[in-house]
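A structural walkthrough
One letter stands for each residue in the lines below.
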Amino acid sequence: MIEIKNLSKDYGKIKAIKNLNFTVNKGEIMGFLGPNGAGKSTTMKIITGFIPPTEGTVIIDEMDIMDNDYQTKRKIGYLPENPPLYNDMTVKAYLKFVGEIKGLKKADLNARVNEVLGMLGIEDVANRLIRNLSKGYKQRIGLAQAIISDPDVLVLDEPTIGLDPAQIIEIRDLIKKLGKDRTIILSSHILPEVSQICERVAIINKGEIIAIDTPDNLSKKLKESNVIETRIIGEQEKVIEAIKKIKGVTGVEAIGEKEKGSIDYRIEADSQTDLRQDLFKVMSDNKANIIELKTVDLSLEDVFLQLMTNEAEVTEDKEEVENKEEKASGKEAEIKEDKEEKEEEIHE
């Protein structure tokens, strides 16, 4: 449904995004993550046709957005970080206005406005001026204008910012429901939110995509060890000693007593080792009982931080190499200059 090909955007000497390539299919919700200034909002503005790219193309439903500007924009609902609201209008009048702009037929307009008011839970403020409403209500009105025309594609920049916890849950559920038969791209700084809503995640840093996959696959790729947390009934010293002897175990720690009569442990093994079967056998041999066991995966927050750290290290290494090359080049120039001076002296 959405294809991004070799997309770049320059602002003078500043490269906001560099050679982005990815696709988002119909019925898929993709999360777009990155630190401030990474290029998320720039990418979204290009996808929605608000700004042109310096290079590359955006294909919406097999149409190039630059060649079919009007047709593609009709397929897109967009919620920017700061919703485009007219504060002197009532909520209902504003949604009718937006619906008319987006080409809704007058016969269908009132019904669609009432439907969207209900979906977003804003019926009770339908006749109030937007200027008098809270940030949470304004955010929901912004989302309402994005979906008023029932678009095939939704581009949502921080859709739950400013909402209270109950409203966030409602909007998450709505986005998941909308994503069943639409294409959705959303950015968010709330990493648990992205992992709960999105099937895939693209992580962008300094204008470049550094990872794109499902949250589970990203976690598996970046795990350097397997971690298990378990609750065991048995003598602590004997349990720890027995676990240490299991092949592949690199560390074991007693977390403490969380349930009377048992001890919780955190066990690490090398990334190639699944020690669950061996753990059950060893505990049985030592007459200790496992009453709880779970594997511990990297959270999306862990993945994000690890990728950012890796990227920073690569950048530092690159800069170090460039500095060494620059120094070497300077040294060569200095040697060459000394040689030329000596040759001139000899000649004289």
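In what follows, the structure referred to is the one given above.
Residues numbered from 1 in each chain as written. Predicted model: local features only at pLDDT ≥ 70, side-chain atom pairs only at ≥ 80, totals over all residues. Heavy atoms only, no water.

Structural notes on the sheet that holds strand E8 (residues 183-187)
In spatial order, the strands read E6-E7-E8-E3-E9-E10; together these six strands make up an open sheet with mixed pairing. This sheet does not close on itself; its edge strands, each paired only once, are strand E6 (76-79) and strand E10 (208-213). For this sheet, the mean angle separating the axes of adjacent strands, direction not counted, is 15 degrees. Pairing geometry for E6 and strand E7 (residues 153-157), over four bridges, is parallel. Bridging across to E7, Tyr78 finds its partner in Val155. (Pairing = 2+ DSSP bridges. Helix = DSSP H or I, 4+ residues; strand = E, 2+ residues; numbered from the N terminus. Axes fitted to C-alpha atoms, helices over the stretch in contact; angles between N-to-C directions.)

Structural notes on the nonpolar core
The biggest cluster of nonpolar side chains holds 44 residues, and the ones touching the most others in it are Val91, Leu120 and Ile122. The element that contributes the greatest number of residues to this core is helix H5 (residues 135-147), accounting for six residues. Setting aside anything within four residues of it in sequence, one finds Val91 in contact with Leu117, Ile122, Val125, Ala126, Arg128, Ile130, Leu133 and Ile141. Core analysis: the next-biggest nonpolar cluster, separate from the first, contains 23 residues, Leu7, Ile17, Ile47 and Ile185 among them. (Core = buried A, V, L, I, M, F, W, Y, C linked by side-chain atoms within 4.5 Å. Buried < 20%, exposed > 50% of the residue type's maximum accessible area, 1.4 Å probe, protein only. Contact = heavy atoms within 4.5 Å.)

So, the packing of helix H9 (residues 236-244) against helix H10 (residues 276-285)
Contact pair H9 / H10: the axes reach a minimum separation of 10 Å and the direction vectors enclose 135 degrees. By the angle class used here, H9 and H10 are oblique. Between H9 and H10 lies a crossing of right-handed hand. On H10, the residues that touch Val239, Ala242 and Ile243 of H9 are Leu279, Val282 and Met283. Within the contact of H9 with H10, the residues separate by chemical class into six nonpolar, no polar and no charged. (Parallel < 35°, antiparallel > 145°, perpendicular 65-115°, else oblique. Left-handed = near helix turned anticlockwise from the far one by under 90°. Nonpolar A, V, L, I, M, F, W, Y, C, P; charged D, E, K, R; others polar.)

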